[in-house]
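Observations on the three-dimensional arrangement
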Amino acid sequence: MTALVTVTPNPSVDRTLHVQRLVPGVLNRATSPPCIEPSGKGINVALAAHAAGHGATAVFPCGGRTGEELLELLAGTGLPCTAVPISGSVRANISVVGADGETTKINEPGPALSSSEVSALVEASLLPGPGWLAWCGRLPAGFSPADLASAVERARAAGRRVAVDTSGAALAGVLPAQPDLLKPNATELAELTGRPLHTVGDVAAAAEALVRRGVGAVLVSLGADGALLAEAEGVWHGTAPVRRVVNTVGAGDALLAGYLIAAGLHSSAADRLATALRWGATAVAHAGTLVSRPDPAIDVHLHPLDAGRSLTEPII
């Protein structure tokens, strides 16, 4: 069992609708009833770990009617939670998924947190134990990048290994805190490092630059191109093809969950990446944003680093 704690500063209730093809400006009819799930990146990570039989606790701010719905949904999963009361209401997000797997997502901004609510959330995240703490998702109004960097520093000082999966100013602002793991996607990595990413080699160079700045490891999700892991000891790249892409929402969260579970078991870098890829591929083939146990039939390929290999979707 691993002691994984996730923090979701801006949680949500997600409603996923499936259509044959989304056509803007006209009436679109869903092909099935909506899938309603508790969500937010950290909650997704904790749920993935919990569903696969690993110990996890989700910490998040909670308020309003949507917050009550979120708590009811989480109660049905059995996931241990620490909900920090706030005056605002948790947001609701909508995903529309076409028959070809193309996903359109509409996210509400979520509530603003007061300074006392930010402090309470950070305090709640500092649960005792030597395992991983993962801060996941965009920061709500009232929660600054400096607040996140301070929270990371406090957790590391308390003996936790800290992973961060966020974007924009929050991702840049957390670098001085030297988290043990960053989990950007290719777009976020390009923005953070100011580098165009056309090849696997470009991704490796950008990730290695972050490692040289003191980040323990960088796990980059690359969509159809798999994922890349950079550490001081080296760089690894892998893919896990799936027969049919059903829904890409939550795949990066499952990827991170698989990595943290493997890291908690002190697996090698190659095993951590392979486990992460299998969890991510399982999520892609799943209709909702939640996954159960990773599919052992998924074939994971770890490749020697081919620096000249072009990305399917290069980031300019």
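This text goes with the structure placed above it.
In short, a report on the structure. Computed from a predicted model, the values in this text were never measured in an experiment. (Residues numbered from 1 in each chain as written. Predicted model: local features only at pLDDT ≥ 70, side-chain atom pairs only at ≥ 80, totals over all residues. Heavy atoms only, no water.)

Let us now look at the overall build of the protein chain. Summing up its helical and strand segments, the protein chain has nine helices and 16 strands in all. Taken against the 2.2 N^0.38 rule, which gives 20 Å for 316 residues, the C-alpha radius of gyration of the protein chain at 18 Å falls within 12% of a compact globule. Principal-axis analysis of the C-alpha atoms places the extent of the protein chain at approximately 50 × 50 × 35 Å. For the protein chain, the residues scored as buried account for 53% of the 316 residues in total. Here the analysis covers contacts within the protein chain between residues at least 6 apart in sequence; of these, 67% occur between residues at least 24 apart. Here the protein chain has roughly 13,300 Å² of accessible surface; of this, 54% comes from carbon and sulfur atoms. Distance between charge centres in the protein chain, computed from 22 positive and 27 negative side chains, equals 2 Å. (Helix = DSSP H or I, 4+ residues; strand = E, 2+ residues; numbered from the N terminus. Rg over C-alpha atoms; globule rule 2.2 N^0.38 Å. Buried < 20%, exposed > 50% of the residue type's maximum accessible area, 1.4 Å probe, protein only. Contact = heavy atoms within 4.5 Å. Areas by Shrake-Rupley, 256 points an atom, 1.4 Å probe, with all protein chains shown as cover. Lys, Arg positive; Asp, Glu negative; His and termini not counted. Charge placed at Lys NZ, Arg CZ, Asp CG, Glu CD.)

Turning our eyes to something else, we now look at the environment of W236. The topology assignment puts W236 in strand β14 (residues 234-239). For the pair formed by W236 and L273, sequence separation is 37 residues and the distance between their alpha carbons is 7.7 Å. Residues contacting W236, with those up to four places away along its chain left out, are A227, L228, L229, E231, A269, A270 and L273.

The subject of this paragraph is helix α4 (residues 145-157). Look at α4: 18 Å from first C-alpha to last across 13 residues, which is about the 18 Å you get at 1.5 Å a residue. Every buried residue of α4 is accounted for by L148, A149, A151, V152 and A155. Burial along α4 is one-sided: seen end-on, the buried residues are contained in an arc of 160 degrees. Those residues of α4 that are exposed and aimed more than 90 degrees away from the buried face are A146 and A157. Buried-residue contacts for α4 involve α3 (115-125), β8 (132-136), β9 (161-165) and α5 (168-173). At the exit of α4 stands G159, carrying a positive phi of roughly 100 degrees. (Expected span 1.5 Å × (residues − 1). Arc of directions from axis to C-beta.)

Attention now goes to the nonpolar core. Judged by nonpolar contacts, the single largest core of 48 residues is most densely connected at W135, F143, L148, L197 and L228. Examining the composition of this core, we find that seven residues originate from one element, helix α7 (residues 200-212), more than from any other. Not counting chain neighbours up to four residues away, the residues in contact with L148 comprise W135, L139, F143, V164, T166, A170 and V174. Counting residues in hydrophobic clusters, the runner-up holds 47 residues, among them A217, A254, L277 and A281. (Core = buried A, V, L, I, M, F, W, Y, C linked by side-chain atoms within 4.5 Å.)

Relative to the assigned elements, P11 resides in the loop between β1 (4-7) and β2 (12-18). For P11, a relative accessible area of 3% gives the class buried. Discounting residues that sit within four places of it in the chain, P11 has contacts with S39, G40, I43, F60, P61, L70, V90 and R91.

At a closest axis distance of 10 Å, the pairing of helix α6 (residues 186-193) and α7 adopts a crossing angle of 60 degrees. As summarised for this structure, α6 and α7 are arranged oblique, according to the angle between their axes. Where α6 crosses over α7, the two elements pack in a sense that is left-handed. Across the interface between the two elements, L189, L192 and T193 from α6 touch V203, A206, A207 and L210 from α7. Across the contact of α6 with α7, the residue classes break down as six nonpolar, one polar and no charged. (Axes fitted to C-alpha atoms, helices over the stretch in contact; angles between N-to-C directions. Parallel < 35°, antiparallel > 145°, perpendicular 65-115°, else oblique. Left-handed = near helix turned anticlockwise from the far one by under 90°. Nonpolar A, V, L, I, M, F, W, Y, C, P; charged D, E, K, R; others polar.)

Once that is clear, we can look at the pairing of strand β5 (residues 81-85). As paired elements, strand β4 (residues 56-62) and β5 share five bridges and run parallel to each other. Residue pairing in the sheet places P61 in a bridge with V84 of β5. For the crossover that starts at β4, traverses helix α2 (residues 64-75) and ends in the parallel β5, the hand is right-handed. (Pairing = 2+ DSSP bridges. Right-handed = clockwise from strand over helix to strand, strands pointing away.)

Turning our eyes to something else, we now look at unusual backbone geometry. Its identity as a non-glycine residue notwithstanding, Q178 has a phi of 50 degrees, on the positive side. By secondary structure assignment, the location of Q178 is in the loop between α5 and β10 (181-182). Despite not being glycine, H266 shows a phi value in the positive range, around 60 degrees. Structurally, H266 is set in the loop between α8 (251-264) and α9 (269-284).

With that settled, the discussion passes to the environment of R195. Topologically, R195 is positioned in the loop between α6 and β11 (197-199). In this structure the C-alpha to C-alpha distance between R195 and N93, which are 102 residues apart in sequence, comes to 31 Å. Once residues lying within four places of it in the same chain are set aside, the contact partners of R195 are A190, A205, A206, A209 and R212.

Time to look at the side chain of S167. Looking at where S167 falls in the secondary structure, it is placed in the loop between β9 and α5. Using a relative accessible area of 13% as the deciding quantity, one classes S167 as buried. Within the local environment of S167, its side chain forms a polar contact with the side chain of R138, the two groups lying 3.1 Å apart. Those residues in contact with S167, other than ones at most four positions away along the chain, are R138 and E188. (Polar contact = N/O pair within 3.5 Å; in protein donor to acceptor, adjacent residues only side chain to side chain.)

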